[in-house]
Amino acid sequence: MTIRAEGVKKWFYDRKRGEFPAVDDVSFECKKGEVFGLLGPNGAGKTTTLMIITTILKPDAGKVEVNGFDVATNPESARLNFGFVSADAALYDLLTPRETLEFVGKLSKYPKEKLAARIDELIKLLDMSSFADTRCQALSTGMKQRVAIARALVHDPPVVIMDEPTSGLDVPTMQSVYQLVRQCREMGKCVLFSTHIMSEAEKLCDRIGIINKGKVLAMGTLSELKEQYAKSDLEEIFLAVVGGIGGNENNGS
Amino acid sequence: MKDFFHDLLVVVRKELLYIFRVPDVLIFSVLIPMVLYPVLMIGAGVYSAWAVTNQKKQIYKIAIPENPSENVKRVVAILKTTGRITPIPMKNPDDAVRKEKVIASLSAAPDTGALEVHYDESSFQAGEPIRFIADTLEAEEKKQLTNTLVSRGISKEELEPLDVRLRDISAMKSAHKIPQLDARFAETYAPLLRFGALLAIFFLLSNARSSAVSPAVFMLAQERDLKTLKATLSLPVSWNTLVLGKAVAVSFMALLSVFVNSIGVALLAFFVITSLVIRLPSVRSTVEGIIQSISPTAVGLIVTCSLLDILLSSCLLLFLCSLSRTTKEAQSILIISSLGMVGVSIFALSPDQALTWQTALIPIMNLLLVIKSVGTGTHTPLPVFITIAENMLLIYVAVHLTAYRLGQESFILSGETHFRWPWQRRTKSIPSKSN
């Protein structure tokens, strides 16, 4: 297994609600060469789960391993084994894409002599040549997202974690992201793909976990879910699992 | 360890690359000091010009013997042409100098017949008039020499030089062109000069702390607001290294500010010393004496403590920044903290404060007190060692606390919504798996 989450819990505090569970006993596994989709409405706990897996937050209970490294006890080794793409790209505005990739590549201990070639390869792969040396603040949303994906892949990690990577992208750019996710799967990487878009999950994911109110309510391949819930498409399955409007109103993250 | 330094260097490089492209930070840390000091120098120049203009109106009284020799008469005539020297014939001119009735006396040495200007160097009033007399005579000598050479083609050796010697008679020493350091003068001015040097160091350190505020806010609080913090925290580097890298980058910016300010302070000090402060030989001797008395160990200690002070301040500012809920709050907290640190500097500089076992326990202030004790030559090794060790430990603790704080959801997520004070602890226990 390359990602294994077992009984993960995370509680948040806010002034209005006080303590509330953002992630409540989440367990799943994601294998090598597999795209695992974490599907859920806004505020279901997807991002919090991913933040725990990416070592940004510590779980209050449970255990998460990335490529065999416990994210709570050995976060630095875990970080070397994944690349993270967040929904808002989150690039350093005043650095260029090339500088950003160099920074991450160096920190990831990617072989120094191969780093420049790797960066050039990614720039070519993601069609970033025209803006590779332009400061990120001047890039469009789509361009930024491509840079964020390149940043996640620069050290060639076995695990790629994507948190709603197509949010705010136009159709052609979304297609290029899908293409890239498929390429990652072909390269034998484990891809954890969080989304709230049904079609995306249907197209890309080998297995899907439906999450709501911090809990994983259903999990399996698309055909398994169809069979289990006796529905013809993912949207119907999702509504059957999550419920209608207001199904997530008590949660947030 | 190799990996640690590699990662640290990569983080510092990135932070500096980034921060050097932020106009606000450059303006506050570098450009303002670069503008401020020239403005101060212009101010000092205007004051100097005003002071010189006022001084021209002053008339200096000098005593001459009741029966002056021809040489004395000749020099008095030269001095009188300036309109600022009034010669007063007296029975005992040197006595009048000692009693500060006149600023100097002009007489011929009984043994050699050479002209001498006697003055009391310990007198506060002596400096400017003596410089004026010396400059006037020197100018006259040059004028005569030039005129003669041009008009008559006479060589320099054939000229009769004015040959007037300045002689400090306060300690009744033998005549010297440049008198030895006068003990009374050194006792009076040396502490003041040392205090001035300490003031400059403390000012530079305070300025460094102020300059660190903007980069610290930018590197932590604003990174959270720009939403890059999550991506940064998921990078394959330990958070301690990340925080230390940021602290080193903040310190570098502070040092850059110190460098720019040092040039300004040095120019200002040079300008003030050469233009406004008395230029008696003893001043030079005193300054030289102080410089010679500073050992390489003392310089090393001052530099070490200054660097520690800047790094510790940066670490503390980053930690305080991590306690904030918003960028504006971080700015407010850091500005107040920076002012507090300036207050500590002023407190440490007060004459009553010294490095003792008690004060050695107060961070930052103890570093300043080490600098003060080294500057005044009163330091003892053990408190100095304790202070340095304690502050290094504090840097370690501050870095770890900041790194710990970065991992709390109340910092990473929307600060205002999720922030809780330490007393707002969890009241519920985490439900069991079956829940």
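None of the values given here were measured: they were computed from a predicted structure.

Can you walk me through the packing of helix 12 (residues 327-349) of chain B against helix 13 (residues 365-375) of chain B in this structure?
Residues and elements named next belong to chain B. Viewed as axis vectors pointing N to C, helix 12 and helix 13 meet at an angle of 40°, and their least axial separation amounts to 9 Å. It follows from the interaxial angle that helix 12 and helix 13 lie oblique. Pair helix 12 / helix 13 crosses with right-handed handedness. In contact with Val 344, Ser 345, Phe 347, Ala 348 and Leu 349 of helix 12, helix 13 contributes Met 365, Leu 368, Leu 369 and Lys 372.

Mind showing me how you'd approach the pairing of strand 1 (residues 60-65) of chain B here?
Across a regular strand the side chains alternate sides, sitting on one face of the sheet and then on the other. Residue and element names in this part refer to chain B. Bridge count between strand 1 and strand 2 (residues 85-90): six bridges; the pairing is parallel. Residue Ile 64 lies in a different strand from strand 2, and its bridge partner there is Pro 89. The handedness of the strand 1 to strand 2 crossover, carried by helix 3 (residues 70-80), is right-handed. The pairing of strand 1 with strand 3 (residues 104-108) spans two bridges and is parallel. Bridging across to strand 3, Ala 63 finds its partner in Ser 105.

I'm lost on the confidence of the model for chain A in this one. Help?
A low pLDDT means the predicted coordinates there should not be read in detail. Residues and elements named next belong to chain A. Per-residue confidence for chain A gives a mean pLDDT of 87; residues scoring 70 or more make up 96%. Mean pLDDT per element in chain A: helix 9 (residues 234-242) is the minimum at 86, and helix 3 (residues 97-107) is the maximum at 93. Every residue in residues 246-253 is under pLDDT 50, and counting partners more than four places away or in other chains gives 23 contacts.

Help me out: how do you make sense of the interface of chain B and chain A in this one?
On the side of chain A, 35 residues touch chain B, which itself brings 29 residues to the contact. Those elements that provide at least two residues to the side of chain B that touches chain A are helix 1 (2-19), helix 8 (229-233), helix 15 (409-412) and helix 16 (415-418) of chain B. When residues of the side of chain B that touches chain A are assigned to their parent elements, the largest contribution, five residues, is made by helix 1 of chain B. Grouping the amino acids of the side of chain B that touches chain A by side-chain chemistry returns 12 nonpolar, seven polar and 10 charged.

Scoring rules and cut-offs
- All residue numbers refer to positions counted from 1 along the written sequence of the respective chain.
- To read the labels, note that chains go from A and ligands from 1, taken in the order they are written.
- Where totals are concerned, whole chains, interfaces and linings use all residues; where local detail is concerned, this predicted model gives features only for residues with pLDDT of at least 70, and gives and counts side-chain atom pairs only at 80 or more.
- Axis definition: a line fitted to C-alpha atoms, limited for helices to the stretch in contact. Angles are taken between N-to-C directions and run from 0 to 180 degrees.
- Put simply, DSSP H or I for four residues or longer makes a helix, DSSP E for two residues or longer makes a strand, and each gets a number counted from the N terminus.
- Working definition: roughly parallel below 35 degrees, roughly antiparallel above 145 degrees, roughly perpendicular at 65 to 115 degrees, and oblique for all remaining angles.
- The sense of a crossing depends on the near helix, which, turned anticlockwise from the far helix by less than a right angle, makes the crossing left-handed and, turned clockwise, makes it right-handed.
- Residues are treated as contacting if the C-beta atoms built from their backbones sit within 7 Å of each other.
- Here the rule is simple: two strands pair whenever DSSP picks up at least two bridges between them.
- For the handedness criterion, the strands are oriented away from the viewer, and a crossover whose path from the first strand over the helix to the second runs clockwise is classed as right-handed.
- By definition, pLDDT measures how confident the predictor is in each residue, and it falls between 0 and 100.
- In the scheme used here, Gly and all other residues not listed as nonpolar or charged are polar, with Ala, Val, Leu, Ile, Met, Phe, Trp, Tyr, Cys and Pro taken as nonpolar and Asp, Glu, Lys and Arg as charged.

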